[in-house]
Amino acid sequence: MAIATRGTASNYLQRAPSPSGLADVLDVILDKGLVIDAYIRVSVIGIEVLTIDARIVIASVDTYLRFAEAVNRLDLAQTEVAGLKELREGGDGSKRKTEGVIEGAKEKMTPGGDREKEKAS
Amino acid sequence: MHESAPVYVYGVVASGARVSAPTEGVAGAPTRLIESNGLAAVASSVPAEQLRVRRRDLHAHLRTLEQLFEQTTVLPCSFGTVLDSEEDVRAHLLDARAEELHALLDRLTGRAQLNVKASYDEDAVLREVVASQPEVARARERVRALGNAAYYENIRLGELVAGTLAARQADDAERIHARLASVAAEAVPEPVDPGGLLVLKTAYLVARRQLDRFDAELESLAAGEAPAILFESFGPLPPTAFVSLRQEG
C-alpha cells in the first residue's frame, strides 16, 4: 500500500501507518471493536483499563485566562516586550492546570500504575 | 487441551482465510484459531489468575490485528476481550453472532480505516483571531495597557477568544469533513470540545483502491488549511471503529 510507506515532510500533515504513542494506541483499540455484550465485562478478569477522562469544563475562567495569556504572548508587532513580561509574571498560577487539557485529549492509563511504570515494561 | 482455559480474543476472520497469526500475542502467548460456522476467532491463552495489563500487551493486541489485516478482512475485538473457554468463544461469539459477523465481514472487505485528527496551531489561529476580530484586538490592547491590573479584562479577552474559536471550529470541522467524506465510505466522528484547540477527530472507512485518492485529498486539504490547522493521520488500520454488534436484549 503506497499510503503506508509514504512519509510526509510537511509540518502541517503528520502521517504514520500505525500509532506508537500510548494515547494513540489506546484511541484505536480501547472501547473500539467488537464487544460481546455484558458477558465480556464479566469475563475481563483483571483486565480493567482505567480511563481517566481528563477533559475539564471548557468554559471556565482558567481557560479564558489561558487564551488571554496566549493572545498576549503573540508577538504581533515585535514590540511591547516589557508589558508581555509583566503579564507573565503577574499571571495566574492556575493556567498550568489547563495546559495540555484543552485539546480534549483523553488521558488514559492502565491499572495499578502510571505511564512511567508502563514505559518500563 | 485448551478447552477449559480462558482465552484472549483479538478478532474474527473468515475461516478458510489463509492467515498466519503472529507467534506472540498478549502476555507473550502464541495465537491460534478457534473455528465454527465458517468463522475463525484469533485467540491466545491467558493465565487463569489475574492478568495485569502492560503496555506491551496493548501493542501486541494492535500488532496482531494489523498482521491479520494485511492478509485478510478482520473484525477487531475491543482490547481486553477474554472469554472463559474455547467453548464460550464458539457459543457466545461465533455461533450466537454468526449472521452478524458474516455481514460485517462482507461490509468491511476491501476497506481500511484512516484516523484523522485536525487541531489548531495555537499561535497561528490566535493571530488570525486577533486579525479578524476587531473586538479581540481592542480587548488585547486594553489588557496590555493595564498590565497587572488587567485581571477582569484578561478574563473578558479570553472569553472573546474562546467564543470566536468555538464559532469557527464547527465551520472548520464541517469543511474538513466534507472533503474527506467525499473519498470515504463511512465515518465515525468523536466529540470535540467547543472552544478548544481540537477541530476534528474522525475515523474514516476507505476502500483500499481509494487509499491513494484519500491520501491526495488529505494532503491538499492540509496544505490549504496550513498554518492555522495541523493534521495527523494514522492508517490504513484494521477497522476498529466500524464494527459493532447488536446489544442482546
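As shown above, the structure is provided for reference.
Since the structure is predicted, the reported quantities are computational estimates derived from the model, not experimental observations.

## Some words on the overall build of chain B
Okay, step 1: The helix and strand tally for chain B stands at 7 helices and 9 strands.
Okay, step 2: A globule of 249 residues ought to have a C-alpha radius of gyration of about 18 Å, yet chain B, at 24 Å, is considerably larger.
Okay, step 3: Its C-alpha atoms give chain B principal-axis dimensions of about 80 × 40 × 35 Å.
Okay, step 4: Buried residues in chain B amount to 54% of all 249 residues.
Okay, step 5: Sequence separation of at least 24 residues holds for 77% of the intrachain contacts in chain B that already meet a minimum separation of 6.
Okay, step 6: For chain B, the accessible surface area stands at approximately 10,500 Å², while carbon and sulfur atoms represent 49% of it.
Okay, step 7: Each charge class in chain B can be summarised by its mean position, and for the 26 positive and 36 negative side chains these summaries are 4 Å apart.

## Describing the overall build of chain A
Okay, step 1: Within chain A one finds 7 helices and 3 strands.
Okay, step 2: Starting at the N terminus, the α and β elements of chain A follow one another as α-β-α-α-β-α-α-α-β-α.
Okay, step 3: Here chain A, with 121 residues, has 43% of them falling under the buried criterion.
Okay, step 4: Of the contacts formed within chain A by residues at least 6 apart in sequence, a portion of 67% connects residues at least 24 apart.
Okay, step 5: Split by element, the accessible area of chain A, about 6,300 Å² in all, is 54% carbon and sulfur.

## A look at the nonpolar core
Okay, step 1: Core analysis: the biggest nonpolar cluster contains 72 residues, and Ile 176, Phe 214 and Phe 231 of chain B have the highest contact counts within it.
Okay, step 2: In terms of residue count, helix H6 (residues 151-181) of chain B provides more of this core than any other element does, 9 residues in total.
Okay, step 3: In contact with Ile 176 of chain B, other than residues within four places in its own chain, are Ala 118, Val 199, Leu 200, Leu 221, Glu 225, Ile 229 and Phe 231 of chain B.
Okay, step 4: With 25 residues, the next largest nonpolar core counts Leu 34 of chain A together with Ala 43, Leu 83 and Leu 205 of chain B among its residues.

## Describing the packing of helix H4 (residues 122-132) of chain B against H6 of chain B
Residue and element names in this part refer to chain B.
Okay, step 1: Look at H4 against H6: their axes get within 11 Å of each other, and the N-to-C directions meet at 100 degrees. Between H4 and H6, the angle falls in the class roughly perpendicular. Between H4, through Val 125, Leu 126, Glu 128 and Val 129, and H6, the contact on the second element is made entirely by Val 161, Thr 164, Leu 165 and Arg 168.
Okay, step 2: Of the residues contributing to the contact of H4 with H6, the split by class is 5 nonpolar, 1 polar and 2 charged.

## Some remarks on the pattern of salt bridges
Okay, step 1: Counted by the stated rule, this structure contains 23 salt bridges over all chains.
Okay, step 2: Among the ionic pairs, Lys 201 of chain B bridges to Asp 27 of chain A, the shortest N-O distance being 2.9 Å. Taken together, the residues Lys 201 of chain B in strand E8 (residues 198-207) and Asp 27 of chain A in helix H2 (residues 22-29) connect one chain to another.
Okay, step 3: Judged by relative accessible area, Asp 27 of chain A falls into the buried class, the value being 12%.
Okay, step 4: The partner of Lys 201 of chain B in a salt bridge is Glu 190 of chain B, with the nearest N and O atoms 3.6 Å apart.

## A closer look at the side chain of Asn 115 of chain B
Okay, step 1: Of note, Asn 115 of chain B is situated in strand E6 (residues 111-120).
Okay, step 2: According to the relative accessible area criterion, Asn 115 of chain B is buried, its value standing at 15%.
Okay, step 3: A polar side-chain atom of Asn 115 of chain B sits 2.8 Å from a polar atom in the side chain of Gln 113 of chain B.
Okay, step 4: Beyond its immediate chain neighbours, meaning those up to four positions away, Asn 115 of chain B contacts Val 28 of chain A together with Thr 202, Ala 203, Glu 232, Ser 233, Phe 234 and Leu 237 of chain B.

## Brief notes about helix H3 (residues 98-108) of chain B
All names here are of chain B.
Okay, step 1: Of all the positions in H3, only Ala 98, Glu 100, Leu 101, Leu 104, Leu 105 and Leu 108 are classed as buried. Buried residues of H3, viewed axially, fall in a sector of 165 degrees; they line one side. Residues of H3 that are exposed and angled more than 90 degrees away from the buried face: Glu 99 and Asp 106.
Okay, step 2: In this fold, the buried residues of H3 make contact with strand E1 (7-14), strand E3 (39-45), strand E4 (75-76), helix H2 (86-95), E6 and E8.
Okay, step 3: Of the residues trailing H3, Gly 110 is marked for its positive phi of about 75 degrees.

## Considerations on unusual backbone geometry
All names here are of chain B.
Okay, step 1: Omega for the bond connecting Ala 226 with Pro 227 falls within 30 degrees of zero, at 5 degrees, which places this linkage in the cis form.
Okay, step 2: Within the fold, Pro 227 resides in the loop between helix H7 (211-225) and strand E9 (229-237).
Okay, step 3: Cis rather than trans, the peptide bond between Gly 235 and Pro 236 has omega equal to 5 degrees.
Okay, step 4: Within the secondary structure layout, Pro 236 lies in strand E9.
Okay, step 5: Positioned with a positive phi, Ala 27 is a non-glycine residue whose angle comes to about 60 degrees.
Okay, step 6: Topologically, Ala 27 is positioned in the loop between E1 and strand E2 (31-36).
Okay, step 7: Its identity is not glycine, yet Asn 37 carries a phi of approximately 60 degrees, on the positive side.
Okay, step 8: Tracing the backbone through its elements, the reader meets Asn 37 in the loop between E2 and E3.
Okay, step 9: Among the residues examined, Asn 37 registers a relative accessible area of 45% and is labelled partly exposed.

Criteria and cut-off values
- Residues numbered from 1 in each chain as written.
- Chains lettered and ligands numbered in written order.
- Predicted model: local features only at pLDDT ≥ 70, side-chain atom pairs only at ≥ 80, totals over all residues.
- Heavy atoms only, no water.
- Helix = DSSP H or I, 4+ residues; strand = E, 2+ residues; numbered from the N terminus.
- Rg over C-alpha atoms; globule rule 2.2 N^0.38 Å.
- Buried < 20%, exposed > 50% of the residue type's maximum accessible area, 1.4 Å probe, protein only.
- Contact = heavy atoms within 4.5 Å.
- Areas by Shrake-Rupley, 256 points an atom, 1.4 Å probe, with all protein chains shown as cover.
- Lys, Arg positive; Asp, Glu negative; His and termini not counted.
- Charge placed at Lys NZ, Arg CZ, Asp CG, Glu CD.
- Core = buried A, V, L, I, M, F, W, Y, C linked by side-chain atoms within 4.5 Å.
- Axes fitted to C-alpha atoms, helices over the stretch in contact; angles between N-to-C directions.
- Parallel < 35°, antiparallel > 145°, perpendicular 65-115°, else oblique.
- Nonpolar A, V, L, I, M, F, W, Y, C, P; charged D, E, K, R; others polar.
- Salt bridge = Lys/Arg side-chain N within 4 Å of Asp/Glu carboxyl O.
- Polar contact = N/O pair within 3.5 Å; in protein donor to acceptor, adjacent residues only side chain to side chain.
- Arc of directions from axis to C-beta.

It is worth stressing that arrangement in space is one thing and function is another; only the former is reported here.
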